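Chains, contacts and geometry: an overview
What follows is each chain in one-letter form.
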Amino acid sequence: MSTPHIAAAPGEIAPIVLFPGDPLRAKWIAENFLDDAVLYSQTRGMLGFTGTWQGHRVSVQGSGMGQPSMSIYANELFDQYDVQTIVRVGTCGGLTERVGKRDIIIANGACTDSGINRVRFHGLDYAPVADFGLLRAAVEASESMDLESAVHVGLLFSSDQFYTTRPELNDPFVAHGALGVEMETSALYTLAAHRQRRALSICTVSDHLVTHEATTAQEREQTFGDMIEIALRAATA
């Protein structure tokens, strides 16, 4: 029952999926957090694995960058593979000095400049929010861990542009509480709500738009373990 973008047979994908944008981060998660991880798909280089974590079956699937790419994989996971829970484990840019490099943001909701939801809702605004049970479990998990970085709960801004020509458009979102900018969460929360499934985004601040601090590509791929641990504890709680 492979789809156009995921070459997995029925039953090969777990009901719980961790959802990094980077397929190499998916591989790193599978190798370092999951027991007996098996590669189920490498179509278009977007790697997917299933294994176990503390006795729970968990999959990890790369989603690509941006709401259109992420939406393809989320739709197929929800509709063709009956996935019940998706936790995005991604990176974001810090928008305010309230957050620092390598801090973790658990997104209770997401703003966006994308037209995807405007099309879906006939020009009206929709408020995409996290599943509260996952959100609460992630906060409780973070509070029980000895973390090097701070954890924040707040809004993400899901932008359609990585190299924006209008950086001043970030300002109103920051003034209304947005902590970080990334490219996927708004659409993920909307798709999950439509299907009555659970979704949460947890992002590590990989670079900072105010202080101009940044992590390396290798750090983004292989060193954000606290975020993964929070996601696994929350998804399996």
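The structure reproduced in this document is the subject of the present report. (Residues numbered from 1 in each chain as written. Predicted model: local features only at pLDDT ≥ 70, side-chain atom pairs only at ≥ 80, totals over all residues. Heavy atoms only, no water.)

Some thoughts on the state of the cysteines
With the rule as written, the count across this model stands at zero disulfides. In this structure cysteine 111 is not part of a disulfide, and its nearest cysteine sulfur, from cysteine 92, lies 13 Å away. Counting only cysteine sulfurs, cysteine 92 is the nearest neighbor of cysteine 203, a cysteine outside any disulfide, at a range of 5.0 Å. Of the residues examined, cysteine 203 reaches a relative accessible area of 0% and is grouped as buried. (Disulfide = S-S within 2.5 Å. Buried < 20%, exposed > 50% of the residue type's maximum accessible area, 1.4 Å probe, protein only.)

Thoughts on the nonpolar core
Formed by 64 residues in total, the largest nonpolar core has its most connected members in Leu18, Leu200 and Ile202. Ignoring sequence-local partners within four residues, the contact set of leucine 18 consists of Ile29, Val58, Ser59, Val60, Gln61, Val87, Val89, Ile228, Ala231 and Leu232. With five residues, the next largest nonpolar core counts Cys111, Phe157, Ala178 and Val181 among its residues. (Core = buried A, V, L, I, M, F, W, Y, C linked by side-chain atoms within 4.5 Å. Contact = heavy atoms within 4.5 Å.)

Topic: the packing of aromatic side chains
Overall, the coordinates contain four aromatic pairs when judged by the stated rule. Here tryptophan 28 and phenylalanine 33 contribute two aromatic rings whose centre-to-centre distance is 5.6 Å and whose plane-to-plane angle is 75 degrees, an arrangement assigned as edge-to-face. Plain terms: the ring middles of phenylalanine 121 and tyrosine 126 are 4.7 Å apart, the flat faces sit at 10 degrees to each other, and that makes the pair stacked. The class of phenylalanine 121 is partly exposed, set by a relative accessible area of 26%. (Phe/Tyr/Trp six-rings, centres within 6.5 Å; stacked < 30°, edge-to-face > 60°.)

Some thoughts on the pairing of strand E9 (residues 198–208)
Among the 11 residues in E9, nine count as buried, and that is most of the element. The sheet contact formed by strand E5 (residues 85–94) and E9 spans 10 bridges and is parallel. Paired with arginine 88 across the strands is serine 201, a residue of E9. Note that strand E6 (residues 104–112) and E9 share four bridges and pair antiparallel. Paired with isoleucine 104 across the strands is threonine 204, a residue of E9. (Helix = DSSP H or I, 4+ residues; strand = E, 2+ residues; numbered from the N terminus. Pairing = 2+ DSSP bridges.)

Focus: a nonpolar patch on the surface
Taken together, the side chains of Met65, Phe162 and Tyr163 present a nonpolar region at the surface, about 450 Å² in accessible area. Mapped onto the elements of the fold, methionine 65 is located in the loop between strand E4 (56–61) and helix H2 (67–80). (Patch = residues over 30% accessible without salt bridge, like charges linked within 9 Å, V, L, I, M, F, W, Y side chains within 5 Å. Areas by Shrake-Rupley, 256 points an atom, 1.4 Å probe, with all protein chains shown as cover. Salt bridge = Lys/Arg side-chain N within 4 Å of Asp/Glu carboxyl O.)

Observations concerning the environment of histidine 176
Following the sequence through the fold, histidine 176 ends up in the loop between helix H5 (170–175) and strand E8 (178–182). A relative accessible area of 67% places histidine 176 in the exposed class. Taking the C-alpha atoms as reference points, histidine 176 and leucine 155, separated by 21 residues in sequence, lie 8.9 Å from one another.

Quick notes on the side chain of arginine 25
Its location among the elements puts arginine 25 in helix H1 (residues 23–33). One buried charged residue, arginine 25, forms no salt bridge at all, with the nearest opposite charge on aspartate 22 at 4.8 Å. Apart from residues no more than four positions distant in its own chain, arginine 25 is found in contact with Pro20, Val89, Gly90, Thr91, Arg220 and Glu221. (Lys, Arg positive; Asp, Glu negative; His and termini not counted.)

Notes on the packing of helix H4 (residues 132–144) against helix H8 (residues 225–235)
Closest axis-to-axis distance for the H4/H8 pair is 8 Å, and the angle between their directions is 130 degrees. Classified by the interaxial angle, the pair formed by H4 and H8 is oblique. For the element pair H4 and H8, the recorded crossing hand is right-handed. The residues of H8 that touch H4, namely those facing Leu134, Ala137, Ala138, Ala141, Ser142 and Ser144, are Ile230, Arg233, Ala234 and Ala235. The residue makeup of the contact of H4 with H8, split by class, is seven nonpolar, two polar and one charged. (Axes fitted to C-alpha atoms, helices over the stretch in contact; angles between N-to-C directions. Parallel < 35°, antiparallel > 145°, perpendicular 65-115°, else oblique. Left-handed = near helix turned anticlockwise from the far one by under 90°. Nonpolar A, V, L, I, M, F, W, Y, C, P; charged D, E, K, R; others polar.)

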